[in-house]
Structures are given as structure tokens and as C-alpha cells.
Amino acid sequence: MHKSPRRHRIVDSLLYLLPLLVLSPHAAAEMPSAMKDVDQRIDAALPDWLELYKTCHANPELSSHEKESAARLAKIFREAGYEVTEQIGGHGVVGVLKNGKGPTVLIRGDMDALPIIEETGLPYASKVKVELGDGSHVGVMHACGHDMHQTVLAATAQTLAAMKDRWKGTVLLVAQPAEEIGQGARLMIEDGLFKRFPVPDRCIALHVSHELKTGTIGYTPGWVWANVASVDITVHGKGGHGAYPHASIDPIVTAAHIVTALQTIVSRRVNPLDRAVVTVGSIHAGTKHNIIPETAVMQLTIRTFTDDVRKEVLGSIRRIAVNTAKAMGCPKDPNVVILEQDFTPASYNDPELSAHAAELFRTLLGKENVSERPPSMGGEDFGVFARTAAVPGFMFVLGVVDEATFEASQKPGGEPLPTVHSSRFRTDPEPTIRTGVRLMTNLALSLLNGQ
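All of the points below concern the structure found in this document. Everything numeric here is computed off the predicted structure, so don't read it as measured data. (Residues numbered from 1 in each chain as written. Predicted model: local features only at pLDDT ≥ 70, side-chain atom pairs only at ≥ 80, totals over all residues. Heavy atoms only, no water.)

Attention shifts here to the sheet that holds strand β15 (residues 335-338). Taking strand neighbours across the sheet as the criterion, the four strands line up as β12-β14-β10-β15 in an open arrangement whose pairing is antiparallel. Since the sheet does not close on itself, it has two edges, and those belong to β12 (276-285) and β15, each with one partner. Strand-to-strand twist of the sheet, defined as the mean angle between neighbouring strand axes without regard to direction, takes the value 20°. For strand β10 (residues 227-236) and β15, the ladder comprises four bridges, and the chain directions are antiparallel. Within β15, the position partnered with T234 by the bridge is N335. (Pairing = 2+ DSSP bridges. Helix = DSSP H or I, 4+ residues; strand = E, 2+ residues; numbered from the N terminus. Axes fitted to C-alpha atoms, helices over the stretch in contact; angles between N-to-C directions.)

Here we come to the sheet that holds strand β8 (residues 217-219). Adjacent strands of a sheet pair through backbone hydrogen bonds, lying either parallel or antiparallel. Spatial ordering of the open sheet is given by β1-β2-β6-β3-β7-β18-β8-β17, a layout of eight strands whose pairing is mixed. A single partner strand is all that each edge strand has here, and the edge strands are β1 (83-88) and β17 (370-372). Here the strands of the sheet are splayed against their neighbours by 25° on average, with no regard to which way each runs. As judged from the four bridges shared by β1 and strand β2 (residues 92-99), these two strands associate in the antiparallel manner. Following the sheet pairing, I88 is matched in β2 by G92. Sheet contacts for helix α4 (residues 146-162): β2, β3 (104-110), β6 (169-176) and β7 (202-213); angle to β3, the most-contacted strand, approximately 150°. Its contacts with the sheet place helix α9 (residues 351-365) against β7, β8, β17 and β18 (393-401), and it is angled at close to 35° to β18. (Contact = heavy atoms within 4.5 Å.)

Membership of the largest hydrophobic core comes to 69 residues, with the highest contact counts inside it found for F77, Y82, I107, V171 and F361. Among the elements that line this core, the one with the most residues is helix α2 (residues 25-58), at eleven residues. If we skip the residues at most four places from it in the chain, I107 touches L153, T156, L160, V171, L172, L173, V174, I204, M440 and A444. (Core = buried A, V, L, I, M, F, W, Y, C linked by side-chain atoms within 4.5 Å. Buried < 20%, exposed > 50% of the residue type's maximum accessible area, 1.4 Å probe, protein only.)

Structure representation (C-alpha cells):
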């Protein structure tokens, strides 16, 4: 019996994607041929995307200075047919592509780089240096993969625009500034992201991972990235000569006691089943060997997941600092300042959306290349979008290490892989771009076709 093309496609879909029948019948019917279409478009466009990646990598810009990066992405979005608005929350770019009635899916990629001198030796390595306010200079490098994030965002935008016959709804692209300082998502929202543009039904993103080889990904249901809080403590002592400590009140010794006492917060104040980190990353005090200074300044980073644990940790820091200073006879209480403008809320991966994405990714990559991973105490402000819009969000991590380097690192005595934020961090661009675009585009298609 002759089968119509439509009926043949439905049968083909059921054979390939039985696990994805949680989607609508239309989505289940479209996905297999859509997957093939995505792969063909990637094959054709990959050389251009490689050049885009190298351009992004060689021309990094620090947080809140992403002018050229934003202009580059805005141009790509416009040429693909998106309605584009620039300078949202700084150098943020929003692209909107409406394609009939259906869900709205937010796809985010961040743009900013880090103040690091690149030491990868790549032919397209960054040689950018910028002058700071004090007249000094610092190198700039994409040491956290935001060059790859930009590339995958642009490539996914182009692919979805070229496949408008495959989906209905609205694609909301967000090219975000200032992620490295934990402010970009909040600034875009404060500038009217969800008032001036469609409110999403789902928010999706990816982040590179230095722990995974190319062609593999990781995902984490539930809490995935931690709250990040920054605290400054200024201890006030009584300065004097180092030879006569009894005539002074030493703020350095007081700060040392505070550092030691802070270690009891996680071990004795936080429930052992919860996660928290209290790290003193900086202490500055004094000018000379034999001078007891007037003050000591400490800088802390705090990592938690829940609001209750965050409140307990921050309250404990204040109590320990104040009461230790009293015990040491300091003339006044220390200044304990929680830098609210630097706060990055924890990111949460919606469990149902995570399960759907993971099943789709196993279909695309094979189950051996998709791994569930534990939460990270690192910070990522992507979660602010879903949290503010009160909708499900999902971010997965994308392997970037070439297979030979990865396998060598796993052998006894093998050289450890450079981490993100390292001057030697690098990605294997071609397979990373291919995997990132395959997964992000197919995930977006599945969500756009899911209602």
C-alpha cells in the first residue's frame, strides 16, 4: 500500500523518538526530519561559524564594555530576520522572531571576557590589552567560553530562522553583557526585558565545560549553580610601633582570629545536608614591617543554594566579626558590608524540562555521551531570567576538550586539563560548535513545537 509522505514521516518519527512522545503529536512527527535538516544546515554553515568563533575569541571585551561584541551579534540577528533592539541593560542585545501562535522560548548567550593575559599559543589568541583607571594595563581573554556561547547563539539564531516552516511561536534571543560580574541579567531585566519584549515560557542556555570532551554534555536537575555573595569586612584596631604591641590593638591578629572562626560556619552552623562555602579571598593591611596598622580589610565570597542557608551564613559572618573584634578589644565594631549589587542568585534547572532535554540529547548524541552531574558552587546569573519570569529554565554544560587531550589527562600522571578562568583554557572549536548548535537548535524546536 502506498504511504503518503506525511504518514511515512509520522511512522519514521515514532520509530526514532518514542521517548519524546511527551511532546505534541505534531512535534513528535516533525523532530526526526528536523534533526536531519539541522545537521545539513550545520554542515553548510560550519566554516562561517568557525570564522565567527575565531573573531570573537581574538576580540574579547571586559564586562560592561561589550560594544563590538554586541554590534556583531545584532548584525547577525538582523540579517537572519529578527527584530533587534540594542543597549538593553548596557550592551545587551535582544532579538525577536515571531512565527505565529505558539510558545515563547528565550535563548541566552553571554558576551563578556576576563582580565587575563592569554597563554594558549593559538594563532587567533587574544592580544587585547586595556588600560585600567589607575593607568595600568591588563590583558583580556575569553577564558570562560563566552566566545563559544556567542557563536552557538548566533548559529542557533540563523538555523531557527531558516527553519521557520518547522515551528510556531516566538524565539527571544538574549545576548547578555556583564555575566562575569554577576550583573548582566539583572540589568537587562531592570531595563524592561520582560516589559518591552515577550515573556518567555521557557529559558534555555549552555555553558562550556573544561571537564568534558567534545561530543559530550552534562546536565543537572534542580539546583545547578550557587548563590554568590560578596562581603567586605574592615577591622578597626589601634595603630602603633611593632616593638610595642601592648600599646596597640592589632587589626591583623584580629582578622586572623576572624578567618579561623569563619571556618566553623559551614561545619557547625549549616546543616550537613546543605551546601555552603565561605572563602576569604583577600586580606590587606599594613605598610611596613614594624608598623601595626589602624585597619585590616578582608574580602569574602559566599556560596549557597537556598535563601535560608544564605541568610544563616551571612548572619553568622556578621556575628563572628563583631564579637571577635569585641573580644580583642577593638575600639569599634568592624564594618561588615554585604555587596548587594554583586549578588548572583542560584540557578535552578526545572526537573521536568531537564528530563525532556536529557532524553532529547541522548537521542542526538547517544546515552553514553550524556551524563548527569552534581551541582556546582560556581555562580551563573542565567537563572535570574527564569526566576524573574517564574517559568522553567534549563542550562546544560558542553564539552570542549579534544579527545586526545582529554584521554591523556585521564591517565596516571597525565597533565590536568586547564580550567575555565585559566590563561591556558581553550576549546576545540569545530566539534564544540557542531554539538552546541545541534543540541540548542533541536531543544528549541522541541519546545516551540511542544504546545
